[in-house]
Amino acid sequence: MENYIKKYNRYNILISLALIILSIFLIADPTTSLNTITIIIGVIVGITGLVELITYFTSPQEVKAFSLKLIVGVITTILGVVIITNAQTINTILTWVIGAWIIIESIIKLQIAFSLKDLSNTSWKTVVIFSIITFIIGLVIILNPFASLMAVGKICGIMLLISEILNVFESTFILRM
């Protein structure tokens, strides 16, 4: 068991070091980093589609009759190509979706605040203030997705960097035990 824990922590340190490098790229150039990550996801989706197609064409005839692998393979392969060739657009759309989600949540919270007011709950004003703040944040994200994407990329990079540095220290500590 002790050997397994040490082996796991050595492996964990290597993964953390790779993620620290990724986090530095996210902090230094979030747009390129996020586009690269999106392209990698597109490649994975495309390869998954190709595997589905290969599986379909190598399956016995009786399996093909009831298989959805052909349609899933074609759609997934096309989706992979679309993601790869439109990484920046995909990232912008994703940013808009996040902004819209935040706006929708803020409107729901505003509705809850008014319900709290009707129940004579004193915290309704605080909920109104927070819902207005989150509405503005969502609006800023939608109106300026590029800057928002860069900010989110940098924040993710910073959080990943902190997390992985702590992970390296923790694994190193465990290895010394």
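Residues numbered from 1 in each chain as written. Predicted model: local features only at pLDDT ≥ 70, side-chain atom pairs only at ≥ 80, totals over all residues. Heavy atoms only, no water.

Draft legend 1. A look at the side chain of serine 171. In this structure, serine 171 sits in helix H7 (residues 145–176). By relative accessible area, serine 171 is classed as buried at 1%. Beyond its immediate sequence surroundings of up to four residues, serine 171 is in contact with Asn9, Asn12 and Ile13. (Helix = DSSP H or I, 4+ residues; strand = E, 2+ residues; numbered from the N terminus. Buried < 20%, exposed > 50% of the residue type's maximum accessible area, 1.4 Å probe, protein only. Contact = heavy atoms within 4.5 Å.)

Draft legend 2. Region of interest: the layout of surface pockets. When its volume is computed, the largest pocket comes out at roughly 280 Å³. Contributing to the lining of the largest pocket are 15 residues, with Leu34, Thr38, Asn91, Leu94 and Leu149 lying nearest its centre. Elements with a contribution of two residues or more to the lining of the largest pocket: helix H2 (30–58), helix H5 (87–118) and H7. Tallied by class, the residues present in the lining of the largest pocket amount to eleven nonpolar, four polar and no charged. (1 Å grid on protein atoms, 1.4 Å probe; cavity = no way out; pocket = protein on both sides within 12 Å on 5 of 7 lines; lining within 4 Å. Points joined across faces, edges and corners; volume = space filled by probe spheres on them. Nonpolar A, V, L, I, M, F, W, Y, C, P; charged D, E, K, R; others polar.)

Draft legend 3. View of the confidence of the model for the protein chain. For the protein chain, per-residue confidence averages 88 on the pLDDT scale, and 99% of positions sit at 70 or higher. The weakest mean pLDDT in the protein chain belongs to helix H3 (residues 61–64) at 82; the strongest belongs to helix H4 (residues 69–85) at 95. (pLDDT = per-residue confidence, 0-100.)

Draft legend 4. Expanded view of the environment of leucine 119. Mapped onto the secondary structure, leucine 119 falls in the loop between H5 and helix H6 (124–143). Separated by 18 residues in the primary sequence, leucine 119 and tryptophan 101 have C-alpha atoms spaced 27 Å apart.

Draft legend 5. Focus on H7. Compared with the 46 Å implied by 1.5 Å per residue over 32 residues, the 46 Å span of H7 between its first and last C-alpha is a close match. Residues of H7 that are buried: Pro145, Ser148, Leu149, Gly153, Gly157, Glu164, Asn167, Val168 and Ser171. (Expected span 1.5 Å × (residues − 1).)

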